[in-house]
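Structure assessment
As a plain string of letters, each chain reads:
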Amino acid sequence: MIRREGEALVLEGALNQSTIPPLWPLKPEWLAPPLERLELGALSAVDSAGLALLLELEGQARQQGSELRWQQCPAALERLMELYDLELVEARLQGT
């Protein structure tokens, strides 16, 4: 589940291949400025499809002039990013 809370997108539950299709296309209200952060602490599971969605959210937000910080990134998601050799700017991850 994705919901907007002020300047944050809050993601909850599983973010995987079976839960991603209903989230496309991305809702405009998710990306409307000002958008500053992705709150990831309530994610219970993330696979490569979930990571792709997070990166797409970040890319779309950047196109609209927002630089997102990833907050409360679960350890499993950090390991997945390492597995894919994603070099993340340290400022992107906060509260991990």
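Computed from a predicted structure; not experimentally measured.

Each helix and strand in the chain was counted, giving three helices and five strands. Along the chain, helices and strands appear, N-terminal first, in the series β-β-α-β-α-β-α-β. When the 96 residues of the chain are sorted by exposure, 35% land in the buried category. Accessible surface for the chain amounts to roughly 5,400 Å². Of this, 51% is attributable to carbon and sulfur atoms.

We now examine the pattern of salt bridges. Applying the stated criterion across every chain, the model contains six salt bridges. In this structure, arginine 37 engages glutamate 39 in a salt bridge whose closest nitrogen and oxygen atoms are separated by 2.8 Å. Given a relative accessible area of 21%, arginine 37 falls into the partly exposed group.

With that settled, consider the nonpolar core. Proteins that are soluble and globular tend to have nonpolar side chains buried together. Judged by nonpolar contacts, the single largest core of 25 residues is most densely connected at Leu11, Leu15, Leu38, Leu40, Leu54, Leu57 and Leu77. Secondary structure elements with two or more residues in this core: strand E2 (8–15), helix H1 (28–31), strand E3 (37–46), helix H2 (48–63) and helix H3 (75–83). No other element matches H2, which puts five residues into this core. The contact partners of leucine 15, leaving out residues within four places of it in the chain, are Ile20, Leu23, Leu43, Ala45, Val46, Asp47, Gly50, Leu53 and Leu54.

Rules used throughout
Residues numbered from 1 in each chain as written. Predicted model: local features only at pLDDT ≥ 70, side-chain atom pairs only at ≥ 80, totals over all residues. Heavy atoms only, no water. Helix = DSSP H or I, 4+ residues; strand = E, 2+ residues; numbered from the N terminus. Buried < 20%, exposed > 50% of the residue type's maximum accessible area, 1.4 Å probe, protein only. Areas by Shrake-Rupley, 256 points an atom, 1.4 Å probe, with all protein chains shown as cover. Salt bridge = Lys/Arg side-chain N within 4 Å of Asp/Glu carboxyl O. Core = buried A, V, L, I, M, F, W, Y, C linked by side-chain atoms within 4.5 Å. Contact = heavy atoms within 4.5 Å.

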